[in-house]
Amino acid sequence: MRLAIELGRPDPENLQLNVDWVQHAERLGVAIAFSAEAWWSDAVTPLAYLADKTSTIKLATGIMQTTARSPAMTAMTALTLNDLTGGRFILGLGASGPQVVEGLHSTRYNPALSRTRETVDICRMIFRGEKVRYDGKVFQMPLPNSEGKALCIDHEPTNIPIYLATIAPRSLAYTGQVADGWLGTSFSPEHSEAHLDHLCKGATQAGRTIEDIDLCVSARIEIGDDVDAIIERRRPFVAFNMGGMGSADTNFYNDAFKRAGYTEDAKAIQSLWLSGKRKEAATRVPDAMVTEFQILGTTDMVRKRIASYKAAGVTTLKLGLDSAGPLGPARFELLEQIIDITQDL
């Protein structure tokens, strides 16, 4: 099982620290560094900055939002990054959610799956060096009744892996059909079927197996002897996912926990959160909704927990190391500790 890290938030004060972080991970043998696209930075520019400062670690978007760029620009950006990194780029794509898409990008969220499917189709056409003619539900290239013409990007054919961040059943099945990798979240080894059954279904429909897909799963990690205190610190984050990562009608994280058997808890936490009762929402989170979806506890507990992710089929573990605080020495040390723990896995 490979390990991956997340970049710190890039700003003028910590650019060198981010470089040091990724170079440190590279020396330790970490496989992938992911750059997020959130409310402060695009996912692409930090990777371009790191391209000539690294040599072996793969650089990946985690994720580029399908609503923030046209498919052609997504593909052209991927080609450029792949050239800058010497073939080390992974294109991580995702639909994001209605609050961000409709609030920030002035685009209707739905049809999200159609947009993702068509973006992947068009990107791969461009990667193959084909002239782009596409008649989809969301994208038509060239536009009908227009002066547009079918064009071919001036770049030799290139194979760039596409990883999809998906969490809903139909999107998971589509990921199983076509993706090189899956960027998973709200995953529990005890309830892996909540995600993997849908991925397997899609893979089977396409004549593939789940072994054809890099199952890259995110997990928050905290090491310490006071397990009860760790659980208490993590409850508010679970409550935020249940109530704050989406609207009352659309919350994919909440839905994932429901599929794992926590329907009553997920609904109750969401209701409290949306009523403004955030402290009560955190208190309502049962221990199992923390411990079964994260990697927490003593060194021995963490070792066994990481092994359970591998046993569940996870092939790349994306390490969430926020328990060590902002990017700095403590996070570097935690990464080293995890490397030591996983040497024999």
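Look above for the structure.
Please read these numbers as outputs of a predicted model, since none were measured by experiment.

Definitions and cut-offs
Residues numbered from 1 in each chain as written. Predicted model: local features only at pLDDT ≥ 70, side-chain atom pairs only at ≥ 80, totals over all residues. Heavy atoms only, no water. Helix = DSSP H or I, 4+ residues; strand = E, 2+ residues; numbered from the N terminus. Rg over C-alpha atoms; globule rule 2.2 N^0.38 Å. Buried < 20%, exposed > 50% of the residue type's maximum accessible area, 1.4 Å probe, protein only. Contact = heavy atoms within 4.5 Å. Areas by Shrake-Rupley, 256 points an atom, 1.4 Å probe, with all protein chains shown as cover. Axes fitted to C-alpha atoms, helices over the stretch in contact; angles between N-to-C directions. Parallel < 35°, antiparallel > 145°, perpendicular 65-115°, else oblique. Left-handed = near helix turned anticlockwise from the far one by under 90°. Nonpolar A, V, L, I, M, F, W, Y, C, P; charged D, E, K, R; others polar. Core = buried A, V, L, I, M, F, W, Y, C linked by side-chain atoms within 4.5 Å. Phe/Tyr/Trp six-rings, centres within 6.5 Å; stacked < 30°, edge-to-face > 60°. Lys NZ or Arg CZ within 6 Å of the ring centre and 35° of its normal. Pairing = 2+ DSSP bridges. Right-handed = clockwise from strand over helix to strand, strands pointing away. Expected span 1.5 Å × (residues − 1). Arc of directions from axis to C-beta. Salt bridge = Lys/Arg side-chain N within 4 Å of Asp/Glu carboxyl O.

Draft legend 1. Examining the overall build of the protein more closely. Within the protein, the secondary structure is distributed over 14 helices and 12 strands. Relative to the compact-globule value of 20 Å for 345 residues, the protein shows a C-alpha radius of gyration of 20 Å, a close match. Each of the three principal axes of the protein carries a C-alpha extent, and together these read 65 × 45 × 45 Å. Counting over 345 residues, the protein shows a buried share of 51%. Looking at the protein alone, contacts between residues at least 24 apart form 69% of all its contacts between residues at least 6 apart. Split by element, the accessible area of the protein, about 15,600 Å² in all, is 51% carbon and sulfur.

Draft legend 2. Region of the structure containing the packing of helix H3 (residues 71-84) against helix H5 (residues 112-127). At a minimum axis separation of 9 Å, H3 and H5 run at an interaxial angle of 50°. With respect to H5, the axis of H3 lies oblique. The way H3 lies across H5 gives a crossing that is right-handed. Where H3 approaches H5, its residues Pro71, Ala72, Thr74, Ala75, Ala78 and Leu79 are matched on the opposing element by Thr119, Ile122, Cys123, Ile126 and Phe127. Across the contact of H3 with H5, the residue classes tally to 9 nonpolar, 2 polar and no charged.

Draft legend 3. Seen up close, the nonpolar core. Val22, Leu91, Phe127, Trp182 and Leu335 are the most contacted members of the largest nonpolar core, which has 66 residues in total. Of the residues forming this core, the biggest block, 7 residues, is contributed by H5. Leave out the neighbours within four places in its chain, and Val22 touches Ile5, Leu7, Ala33, Leu50, Thr54, Ile57 and Leu59. Core analysis: the next-biggest nonpolar cluster, separate from the first, contains 18 residues, Trp273, Ala282, Met289 and Leu296 among them.

Draft legend 4. Focus on the packing of aromatic side chains. Tallied over the entire structure, the rule returns 7 aromatic pairs. Ring centres of Trp21 and Phe332 lie 5.2 Å apart, and the angle between their planes is 55°; on these two criteria the pair is classed as tilted. Here the residue Trp21 occupies a position in helix H1 (residues 15-28), and Phe332 occupies one in helix H14 (residues 329-341), the gap between them amounting to 311 residues. A relative accessible area of 1% means that Trp21 is categorised as buried. Accessibility expressed as a relative area gives 15% for Phe332, which makes it buried. Linked through ring pairs, Trp182, Phe187 and Tyr309 together constitute an aromatic cluster. We note Arg117 situated over the ring of Tyr174; from NZ or CZ to the ring centre the distance is 5.1 Å. The ring of Phe34 has Lys318 lying over it, and the distance from NZ or CZ to the ring centre is 5.4 Å.

Draft legend 5. Region of interest: the pairing of strand S3 (residues 58-61). Relative to S3, strand S2 (residues 32-35) is paired through 4 bridges, and the arrangement is parallel. Counterpart to Phe34 in the pairing with S3 is Ala60. Each parallel crossover has a hand, and for S2 linked through helix H2 (residues 45-50) to S3 it is right-handed. Summarising the sheet, S3 and strand S5 (residues 89-94) pair through 2 bridges and their orientation is parallel. Considered in S5, the bridge of Ala60 is made with Ile90.

Draft legend 6. Geometry of helix H10 (residues 263-274). Across its 12 residues, H10 extends 16 Å between first and last C-alpha, which sits within 8% of the 16 Å expected from 1.5 Å per residue. Here H10 has its buried residues at Asp265, Ala266, Ile269, Gln270 and Trp273. Seen end-on, H10 carries its buried residues on one side only, within an arc spanning 125°.

Draft legend 7. Here's a closer look at the side chain of Asp265. Tracing the chain through its elements places Asp265 in helix H10. By relative accessible area, Asp265 is classed as buried at 18%. Excluding anything up to four places from it in sequence, Asp265 contacts Arg284, Pro286 and Met289.

Draft legend 8. Focus on the pattern of salt bridges. Under the defined criterion, the tally for this structure stands at 17 salt bridges. A salt bridge links Arg234 to Asp322, with the nearest nitrogen and oxygen atoms 3.1 Å apart. Of this pair, Arg234 sits in helix H8 (residues 227-243) while Asp322 sits in the loop between strand S12 (316-320) and H14; the two residues are 88 residues apart in sequence, bridging distant segments of the chain. We classify Arg234 as buried; its relative accessible area is 4%. Looking at Asp322, the relative accessible area reads 26%, which means it is partly exposed. A salt bridge links Arg303 to Asp300; its shortest N-O distance comes to 3.7 Å.

Draft legend 9. The arrangement of the side chain of Thr77 in detail. Here Thr77 lies in helix H3. Leave out the neighbours within four places in its chain, and Thr77 touches Val44 and Met64.

Draft legend 10. Fine view of the pairing of S2. Alternating residues of S2 divide into Ile32 and Phe34 and Ala33 and Ser35, and every residue in both groups is buried. Inspection of the sheet shows strand S1 (residues 2-6) paired to S2 by 3 bridges, in the parallel sense. Paired with Ala4 across the two strands is Ile32, which belongs to S2. Between the parallel pair S1 and S2, the chain is carried across by H1, and the sense of this crossover is right-handed.

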